[in-house]
Amino acid sequence: MFEIMNALVLDNVSKSFGELRAVDSLSVQVPTASVYGFLGPNGAGKTTTLRMIISIIKPDSGGISIFGNGSIEQVRARIGYMPEERGLYRKMTARKILAYFGAIKGLTVDQIAQQVPKWLDRVELGDWADKKVEELSRGMHQKLQFAVTVINEPELLILDEPFSGLDPLNQELLKSIIDRMRDEGKTVIFSTHVMHEAEKLCDSILLINKGKVILDGELNRIRSQQSSDVVSVELEGDTTFIETLPMVTKVQLHGSRLEINLSRDSESQQLLKALVDRVRVRAFEIKVPSLHEIFVNLVGASNVEDS
Amino acid sequence: MSKILKIAQREYVETVKTKTFLIGLLLAPAITVGIIFFAHLVSRSEGGPRPPVKVAVTDLSTELSGQIERGFEKHNDSHPNRQILFQALEDSQNQAAVQERGKAGVRSGKIDAYVVIDKDILDGPGKVYFYTHKPKPANLDAFWTLERIINGLVVDQRCRLKNLSPELLAEIRSVPIERVEIGSGKDEQRLQSQTERMTGMMVPFFFMFLIYMGIMGIGQQMLSSVIEEKNSRIIEMLLSAVTPFQLMAGKILGLAGIGLTVVSLWAVTAYGAALWQGLGIEITGGLLFYFLLYYVLGFLLFSSILAGVGSVCNTLKESQNLMMPIVLVFVVPLISWYQLVQSPNGLFARVLSFIPPVTPLVMILRISAGSGVWGLEILASIVLLLAALLVTMWLAARIFRTGILMYGKRPSIREIFRWLRQS
């Protein structure tokens, strides 16, 4: 009965640049109040997809709806977008830039008066409010860019490679902004090719390569689906019998541990049972592949298929 | 619409604050005032003494010789700074040899001019020959004076031969002319000097030049503004909040505001300067209306072109190369303004009026030249400008939309055409 409202729906979206098919029949549903990672190698079509969402470029075919709305103009004020290529007017002060972006994002004068100091404070630029952008450090530019992006308290935040070029402090600051937004029930979509960032932040991911979806869904489910066939164990006793077990396809020694590959249809619990009967088990871990491994596996595989 | 206004407002405020704007704003009136002041100084002073012009004369009629020397002396008495010196040539029975010596003197630079007067100059078809060799431009005025002196002497001598008194002739020839400009009121009238006549001629040019400066000068601002946003990667931040069209329209509008501010200031300064110099310039409300109308239309048209051009370029230099052909079109009415003022309803003026980027320049020139341009023609030119403006904005918006996101290599013309075809 209660269907989760999707913040964003892409339906069969395609975009070509000349011969290059940048985005190929992409469909995705981003649920409200989730943090969704668009992952993929450079040139996968992430930026093109985000630009189509924000309507900077138009898709050749397919439909995009934001908050159930087919036209972005209706919902622009509810969106915050931080592009990969980002800059600010060098001759304007931090305060004026925030006020200007607030104004063109549709805030009223009262809202601007309230939002600008609030965000200057949150990104720790309060003391620099009346300095010109050209007088600020690179790190401060980045902070100001975050503030510009969220000055309108967007319900949907879209970030293109937000972590690239950030120093560790600003990475933490941005993460805290994303966390806060998630806590407030807002939706965050960001693209990255740095997998451990996505791993720490995302609820769901969309993995694309060469404009096509390779993997899509909740991160936990993806991991569990990808995980069940490698087990890492630490044992005491004679372990040579393991290779002869029917469910085992491969055994490798990694230091004091054994890494055991299981056949697809077998259960790790069966292996544990078999081990407990014969040897002393000191550690038994079902290996959860890192997103990085999944990424390398799948993207590597799809590249091989294509060539 | 409110977003467009906010973009326009920022564009206006931030442009006004730049140093280049301030310099540009002040420089033009400063130069104008400077030129007027300088011209005033020059026309008052006689100028310092200039080197004398050396002239030899061979009078074959033999009746003028003495008078020529006296004529030169009379001139030298009244013009001590610009003397004409009479150089005697070595006399000889052989006239051909004398003349050869005269010409050789001119060639070698010993004398500046050599005059030979035919034998039957007084009562036949004889001529006066002025020989010069690579004359210096600085001496042209003296040669002109020389011709006038000799002309006067010949006429005087002819009078004597025919028993006419030269004084009588002068009396006959003297027709005093008084140039009077009458005003609109019944008893309003005042004398008009030659300068004022000239100023009257210059007013149309001034109006055209004002439009030209306004369009070109402020148009450059559009290029640098677009390229700044592109280079510093502000564009995409903006495009999350506004559409490319809103951005472009806002910019054009903001700079149109700048343009109006600048041109009004310039016009007021120029009008003030003219009054200060005692030049009466009559500007009707109708002319001002057309001026503003054509200026705004021309500005919008030109800055749309520049928005499109700026969006595909990465540096100002690159954009200026692209601008060259358009700038050259603007030069046509500038160099042919005199001809256009002389025949404001001629074919040339009419054709030029309907080439959209220069329409405002030519039309304001024709209208301010004050010789009844057809109302229908004005209407047609405005309709044409509007149509050109809409088409240009439509094209520019399409180029702008794609161009502002292209970093690096400038797209080829063929690529740009492909953008235009894309919906």
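Residues numbered from 1 in each chain as written. Chains lettered and ligands numbered in written order. Predicted model: local features only at pLDDT ≥ 70, side-chain atom pairs only at ≥ 80, totals over all residues.

### Side note on the overall build of chain A
Phase 1 of the analysis: Across its full length, chain A carries ten helices and 13 strands.
Phase 2 of the analysis: Once the C-alpha set of chain A is aligned to its principal axes, its extents read approximately 75 × 45 × 45 Å.
Phase 3 of the analysis: Counting over 307 residues, chain A shows a buried share of 36%. (Helix = DSSP H or I, 4+ residues; strand = E, 2+ residues; numbered from the N terminus. Buried ≥ 20, exposed ≤ 12 C-beta atoms within 10 Å, placed from the backbone.)

### Examining the domain arrangement of chain A
Residue and element names in this part refer to chain A.
Phase 1 of the analysis: Taken domain by domain, chain A consists of domain 1 (6-223) and domain 2 (228-291).
Phase 2 of the analysis: Across the boundary between the two partners, domain 1 contributes four residues, which contact four residues of domain 2.
Phase 3 of the analysis: The greatest single-element share of the side of domain 1 that touches domain 2, amounting to three residues, is contributed by helix α7 (residues 195-201).
Phase 4 of the analysis: Each residue belonging to the side of domain 1 that touches domain 2 can be placed in one class, and the counts come to two nonpolar, no polar and two charged. (Domains from an automatic or database assignment. Contact = placed C-beta atoms within 7 Å. Nonpolar A, V, L, I, M, F, W, Y, C, P; charged D, E, K, R; others polar.)

### A few points about the interface of chain B and chain A
Phase 1 of the analysis: Contacts between the two partners involve 15 residues from chain B, matched on the other side by 20 residues from chain A.
Phase 2 of the analysis: Those elements giving two or more residues to the side of chain B that touches chain A turn out to be α1 (2-16) and α8 (235-239) of chain B.
Phase 3 of the analysis: Residue contributions to the side of chain B that touches chain A peak at five residues, all from α1(B).

### Observations regarding the confidence of the model for chain B
Phase 1 of the analysis: In this model, chain B carries a mean pLDDT of 82, and residues with pLDDT of at least 70 account for 90%.
Phase 2 of the analysis: With pTM at 0.73, the complex prediction returns an ipTM value of 0.77. (pLDDT = per-residue confidence, 0-100.)

### A few points about the domain arrangement of chain B
Phase 1 of the analysis: The domain boundaries assigned to chain B delineate domain 1 (2-33 + 202-421) and domain 2 (53-173).
Phase 2 of the analysis: A C-alpha centroid distance of 56 Å is found between domain 1 of chain B and domain 2 of chain B.

### Remarks on the packing of helix α10 (residues 285-312) of chain B against helix α14 (residues 359-368) of chain B
Residue and element names in this part refer to chain B.
Phase 1 of the analysis: One can describe the packing of α10 onto α14 by two numbers: an axis separation of 9 Å at closest approach and a directional angle of 170°. Relative to α14, α10 is oriented roughly antiparallel. Mapping the contact onto sequence places Leu-287, Tyr-290, Phe-291, Tyr-294, Tyr-295, Leu-297 and Gly-298 in α10 and Pro-360, Met-363, Ile-364, Ile-367 and Ser-368 in α14.
Phase 2 of the analysis: Each residue belonging to the contact of α10 with α14 can be placed in one class, and the counts come to ten nonpolar, two polar and no charged. (Axes fitted to C-alpha atoms, helices over the stretch in contact; angles between N-to-C directions. Parallel < 35°, antiparallel > 145°, perpendicular 65-115°, else oblique.)

### Here we look at helix α3 (residues 94-104) of chain A
Phase 1 of the analysis: Burial within α3(A) is extensive, with eight of its eleven residues counted as buried.
Phase 2 of the analysis: Contacts from the buried residues of α3(A) go to α4 (109-122) and α5 (138-150) of chain A together with α1 of chain B.

### Notes on the sheet that holds strand β6 (residues 156-160) of chain A
Residues and elements named next belong to chain A.
Phase 1 of the analysis: With respect to topology, six strands assemble into an open sheet ordered β5-β6-β7-β3-β8-β9, the strand pairing being mixed. Either end of the sheet is taken by a strand with one partner, and the two such strands are β5 (79-82) and β9 (212-218). Sheet twist, expressed as the mean angle between neighbouring strand axes with direction ignored, is 10°.
Phase 2 of the analysis: In this structure, strand β8 (residues 204-209) lies alongside β9, joined through six bridges in antiparallel fashion. Residue Ser-204 lies in a different strand from β9, and its bridge partner there is Glu-218. (Pairing = 2+ DSSP bridges.)

### A word on the sheet that holds strand β12 (residues 257-262) of chain A
Residues and elements named next belong to chain A.
Phase 1 of the analysis: Taking strand neighbours across the sheet as the criterion, the four strands line up as β11-β12-β10-β13 in an open arrangement whose pairing is antiparallel. Two strands in the sheet have a free side with no partner beyond their single neighbour: β11 (248-254) and β13 (280-286). Going across the sheet, the axis of each strand differs from the next one's by a mean of 25°, ignoring polarity.

### Here we look at the pairing of strand β3 (residues 113-117) of chain B
Residues and elements named next belong to chain B.
Phase 1 of the analysis: Summarising the sheet, strand β1 (residues 53-59) and β3 pair through five bridges and their orientation is parallel. Directly across from Thr-58, in β3, lies its bridge partner Val-116.
Phase 2 of the analysis: Taken together, the four bridges between β3 and strand β4 (residues 128-131) define a ladder with antiparallel strand orientation. For Val-116, the partnering residue across the bridge sits in β4 and is Tyr-129.

### Overview of unusual backbone geometry
Phase 1 of the analysis: Non-glycine residue Phe67(A) carries a positive phi angle of around 50°.
Phase 2 of the analysis: Here the phi dihedral of Glu124(A) falls at roughly 60°; this positive angle occurs in a residue that is not glycine.

### Regarding the environment of Ser303(B)
All names here are of chain B.
Phase 1 of the analysis: Within the fold, Ser-303 resides in helix α10.
Phase 2 of the analysis: Once the C-alpha coordinates of Ser-303 and Lys-251 are considered, the two residues, 52 residues apart in sequence, prove to be 9.0 Å apart.
Phase 3 of the analysis: Leave out the neighbours within four places in its chain, and Ser-303 touches Gly-219, Met-222, Ile-252 and Leu-255.

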